[in-house]
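Report on the structure
Here are the chains, one letter per residue:
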Amino acid sequence: MKQLFALLSGLVFGLGLILSGMADPAKVQNFLDLFGTWDPSLAFVMGGAVAVAFVGFSLLTRTLARPLFDSEFRFPTKSDLDAKLISGAAVFGVGWGLGGFCPGPALTALPLAATGTLIFVPFMLLGMWLARHTPALTFTAEKGTAQ
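Anyway, here's the lowdown on the structure attached to this text.

Cut-offs and rules
- Residues numbered from 1 in each chain as written.
- Predicted model: local features only at pLDDT ≥ 70, side-chain atom pairs only at ≥ 80, totals over all residues.
- Heavy atoms only, no water.
- Helix = DSSP H or I, 4+ residues; strand = E, 2+ residues; numbered from the N terminus.
- Expected span 1.5 Å × (residues − 1).
- Polar contact = N/O pair within 3.5 Å; in protein donor to acceptor, adjacent residues only side chain to side chain.
- Salt bridge = Lys/Arg side-chain N within 4 Å of Asp/Glu carboxyl O.
- Buried < 20%, exposed > 50% of the residue type's maximum accessible area, 1.4 Å probe, protein only.
- 1 Å grid on protein atoms, 1.4 Å probe; cavity = no way out; pocket = protein on both sides within 12 Å on 5 of 7 lines; lining within 4 Å.
- Points joined across faces, edges and corners; volume = space filled by probe spheres on them.
- Nonpolar A, V, L, I, M, F, W, Y, C, P; charged D, E, K, R; others polar.
- Contact = heavy atoms within 4.5 Å.
- Axes fitted to C-alpha atoms, helices over the stretch in contact; angles between N-to-C directions.
- Parallel < 35°, antiparallel > 145°, perpendicular 65-115°, else oblique.

**Describing helix α4 (residues 83–99)**
Relative to the 24 Å expected for 17 residues at 1.5 Å per residue, α4 spans 24 Å between its end C-alpha atoms, a close match to the ideal helical length. By the N-cap criterion, in which a side-chain oxygen at the helix start approaches the backbone nitrogen of a residue two or three places on, α4 is capped by aspartate 82, the distance to leucine 85 being 2.9 Å. Downstream of α4 by one or two residues, glycine 100 has phi in the positive range, about 80 degrees.

Written out as C-alpha coordinates, the structure is:
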(Lines give C-alpha, C1' and ligand atoms only; values in the text may rest on other atoms or scores of the structure.)
Protein backbone atom coordinates (compact mmCIF):
# COMPACT_ATOMS: atom_id res chain seq x y z
CA MET A 1 0.00 0.00 0.00
CA LYS A 2 2.90 2.34 0.84
CA GLN A 3 4.37 1.88 -2.65
CA LEU A 4 1.00 2.54 -4.30
CA PHE A 5 0.68 5.89 -2.51
CA ALA A 6 4.29 6.73 -3.38
CA LEU A 7 3.51 6.01 -7.06
CA LEU A 8 0.32 8.08 -6.96
CA SER A 9 2.16 10.95 -5.26
CA GLY A 10 4.88 10.83 -7.91
CA LEU A 11 2.31 10.83 -10.72
CA VAL A 12 0.48 13.82 -9.24
CA PHE A 13 3.81 15.63 -8.76
CA GLY A 14 4.87 14.90 -12.35
CA LEU A 15 1.51 16.03 -13.71
CA GLY A 16 1.85 19.25 -11.72
CA LEU A 17 5.32 19.84 -13.16
CA ILE A 18 4.05 19.35 -16.70
CA LEU A 19 0.94 21.52 -16.23
CA SER A 20 2.94 24.33 -14.58
CA GLY A 21 5.52 24.42 -17.36
CA MET A 22 8.44 23.43 -15.16
CA ALA A 23 9.24 20.54 -17.49
CA ASP A 24 9.91 23.07 -20.30
CA PRO A 25 13.55 24.21 -20.06
CA ALA A 26 12.85 27.33 -22.16
CA LYS A 27 10.23 28.48 -19.63
CA VAL A 28 12.64 27.91 -16.75
CA GLN A 29 15.46 29.78 -18.53
CA ASN A 30 13.10 32.68 -19.27
CA PHE A 31 12.22 32.80 -15.58
CA LEU A 32 15.93 33.11 -14.74
CA ASP A 33 16.56 35.78 -17.42
CA LEU A 34 15.73 38.84 -15.30
CA PHE A 35 16.98 41.42 -17.80
CA GLY A 36 15.80 39.75 -21.02
CA THR A 37 12.66 37.73 -21.66
CA TRP A 38 11.75 37.36 -17.98
CA ASP A 39 8.68 35.19 -17.34
CA PRO A 40 7.48 35.54 -13.72
CA SER A 41 4.87 32.75 -13.96
CA LEU A 42 7.11 30.15 -12.28
CA ALA A 43 7.41 32.39 -9.22
CA PHE A 44 3.63 32.06 -8.84
CA VAL A 45 3.91 28.28 -9.32
CA MET A 46 6.58 28.03 -6.61
CA GLY A 47 4.71 30.40 -4.29
CA GLY A 48 1.51 28.40 -4.72
CA ALA A 49 3.35 25.15 -4.04
CA VAL A 50 4.90 26.52 -0.85
CA ALA A 51 1.52 27.81 0.35
CA VAL A 52 -0.25 24.51 -0.30
CA ALA A 53 2.56 22.50 1.33
CA PHE A 54 2.57 24.79 4.37
CA VAL A 55 -1.17 24.40 4.89
CA GLY A 56 -1.03 20.64 4.23
CA PHE A 57 1.84 19.98 6.64
CA SER A 58 0.24 22.19 9.30
CA LEU A 59 -3.06 20.31 9.08
CA LEU A 60 -1.42 16.88 8.99
CA THR A 61 0.88 17.41 11.94
CA ARG A 62 -1.96 18.87 14.04
CA THR A 63 -4.51 16.17 13.26
CA LEU A 64 -2.33 13.04 13.12
CA ALA A 65 0.01 11.77 15.80
CA ARG A 66 2.05 9.97 13.13
CA PRO A 67 1.94 9.47 9.35
CA LEU A 68 -0.22 6.68 7.97
CA PHE A 69 2.73 4.64 6.67
CA ASP A 70 5.51 5.43 9.15
CA SER A 71 6.10 5.54 12.89
CA GLU A 72 6.85 9.28 13.09
CA PHE A 73 7.01 12.48 11.06
CA ARG A 74 10.54 13.02 9.76
CA PHE A 75 11.49 16.66 9.41
CA PRO A 76 14.98 17.99 8.67
CA THR A 77 16.96 18.64 11.84
CA LYS A 78 20.24 19.95 10.42
CA SER A 79 20.42 23.74 10.51
CA ASP A 80 24.09 24.57 9.90
CA LEU A 81 25.60 25.58 6.59
CA ASP A 82 28.68 23.71 5.46
CA ALA A 83 30.87 23.74 2.36
CA LYS A 84 29.22 20.63 0.93
CA LEU A 85 25.74 22.18 1.15
CA ILE A 86 26.83 25.52 -0.33
CA SER A 87 28.85 23.96 -3.16
CA GLY A 88 26.01 21.53 -3.93
CA ALA A 89 23.52 24.40 -4.06
CA ALA A 90 25.85 26.33 -6.38
CA VAL A 91 26.27 23.37 -8.74
CA PHE A 92 22.51 22.79 -8.70
CA GLY A 93 21.85 26.46 -9.51
CA VAL A 94 24.35 26.56 -12.36
CA GLY A 95 22.94 23.32 -13.79
CA TRP A 96 19.38 24.62 -13.47
CA GLY A 97 20.30 27.88 -15.17
CA LEU A 98 22.26 26.33 -18.02
CA GLY A 99 20.10 23.29 -18.66
CA GLY A 100 16.72 24.64 -17.59
CA PHE A 101 16.05 21.44 -15.66
CA CYS A 102 16.18 20.33 -12.07
CA PRO A 103 15.88 16.61 -11.20
CA GLY A 104 12.08 16.31 -10.91
CA PRO A 105 11.17 18.06 -14.18
CA ALA A 106 14.08 16.39 -15.99
CA LEU A 107 12.78 12.92 -15.11
CA THR A 108 9.23 14.03 -15.94
CA ALA A 109 10.33 15.27 -19.38
CA LEU A 110 12.51 12.20 -20.08
CA PRO A 111 9.74 10.21 -21.83
CA LEU A 112 9.42 13.09 -24.31
CA ALA A 113 13.00 12.23 -25.43
CA ALA A 114 13.97 15.85 -26.00
CA THR A 115 17.66 16.22 -26.86
CA GLY A 116 18.37 18.42 -23.84
CA THR A 117 16.78 15.88 -21.50
CA LEU A 118 18.70 12.99 -23.03
CA ILE A 119 21.94 14.85 -22.33
CA PHE A 120 21.00 16.33 -18.94
CA VAL A 121 19.67 13.20 -17.19
CA PRO A 122 22.77 10.98 -17.66
CA PHE A 123 25.03 13.79 -16.44
CA MET A 124 22.66 14.46 -13.53
CA LEU A 125 22.84 10.77 -12.54
CA LEU A 126 26.64 10.84 -12.89
CA GLY A 127 26.78 13.92 -10.63
CA MET A 128 24.58 12.21 -8.04
CA TRP A 129 26.80 9.14 -8.13
CA LEU A 130 29.97 11.26 -7.78
CA ALA A 131 28.49 13.23 -4.88
CA ARG A 132 27.73 10.00 -3.05
CA HIS A 133 31.06 8.29 -3.77
CA THR A 134 33.50 11.20 -3.43
CA PRO A 135 35.04 11.52 0.02
CA ALA A 136 34.06 14.77 1.72
CA LEU A 137 36.80 17.26 2.50
CA THR A 138 36.74 18.38 6.10
CA PHE A 139 38.35 21.60 7.25
CA THR A 140 40.12 21.59 10.58
CA ALA A 141 40.21 25.00 12.26
CA GLU A 142 43.30 24.20 14.34
CA LYS A 143 45.53 23.37 11.39
CA GLY A 144 43.73 25.44 8.77
CA THR A 145 44.04 22.65 6.23
CA ALA A 146 41.70 20.40 4.36
CA GLN A 147 41.84 16.69 5.14
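**Some details on the pattern of salt bridges**
Taken as a whole, this structure holds four salt bridges when the rule is applied. Salt-bridge contacts for lysine 27 lead to aspartate 39; the nearest nitrogen and oxygen are separated by 3.2 Å. Remark: aspartate 39 occurs in the loop between α2 (25–32) and α3 (41–63) and lysine 27 occurs in helix α2; sequence separation between them is 12 residues. When its relative accessible area of 22% is taken as the criterion, lysine 27 is described as partly exposed. Between arginine 74 and aspartate 70 there is a salt bridge, with the nearest N and O atoms lying 2.8 Å from each other. When its relative accessible area of 57% is taken as the criterion, arginine 74 is described as exposed. Of the residues examined, aspartate 70 reaches a relative accessible area of 26% and is grouped as partly exposed. Ionic contacts of the salt-bridge type, sharing partners, join the residues Asp70, Glu72 and Arg74 into one network.

**Digging into the layout of surface pockets**
Quantified by volume, the largest pocket comes out at close to 760 Å³. Taken together, 23 residues line the largest pocket, and the ones lying closest to its centre are Lys84, Ser87, Gly88, Val91 and Ala131. Sorting the residues of the lining of the largest pocket by element identifies α4 and α6 (115–133) as the ones contributing at least two each. Looking at the lining of the largest pocket element by element, the count peaks at eight residues for α4. By residue class, the composition of the lining of the largest pocket is 16 nonpolar, five polar and two charged. By volume, the second largest pocket is sized at about 560 Å³. Taken together, 16 residues make up the lining of the second largest pocket; nearest its centre are Phe5, Leu8, Ser9, Val12 and Phe13.

**A look at the environment of threonine 117**
One can find threonine 117 in helix α6. Among the residues examined, threonine 117 registers a relative accessible area of 0% and is labelled buried. Note: C-alpha distance between threonine 117 and glycine 48 (69 residues apart in sequence) is 26 Å. Those residues in contact with threonine 117, other than ones at most four positions away along the chain, are Phe101, Ala106, Ala109, Leu110 and Pro122.

**Focus: the packing of α2 against α4**
Taken N-terminus to C-terminus, the directions of α2 and α4 make an angle of 115 degrees; their axes are 8 Å apart at the nearest point. Of the possible angle classes, the one that applies to α2 and α4 is roughly perpendicular. For the pair α2 and α4, the contacting residues are Pro25, Val28, Gln29, Phe31 and Leu32 in the first and Trp96, Gly97, Leu98 and Gly99 in the second. Class assignment for the residues of the contact of α2 with α4 results in six nonpolar, three polar and no charged.

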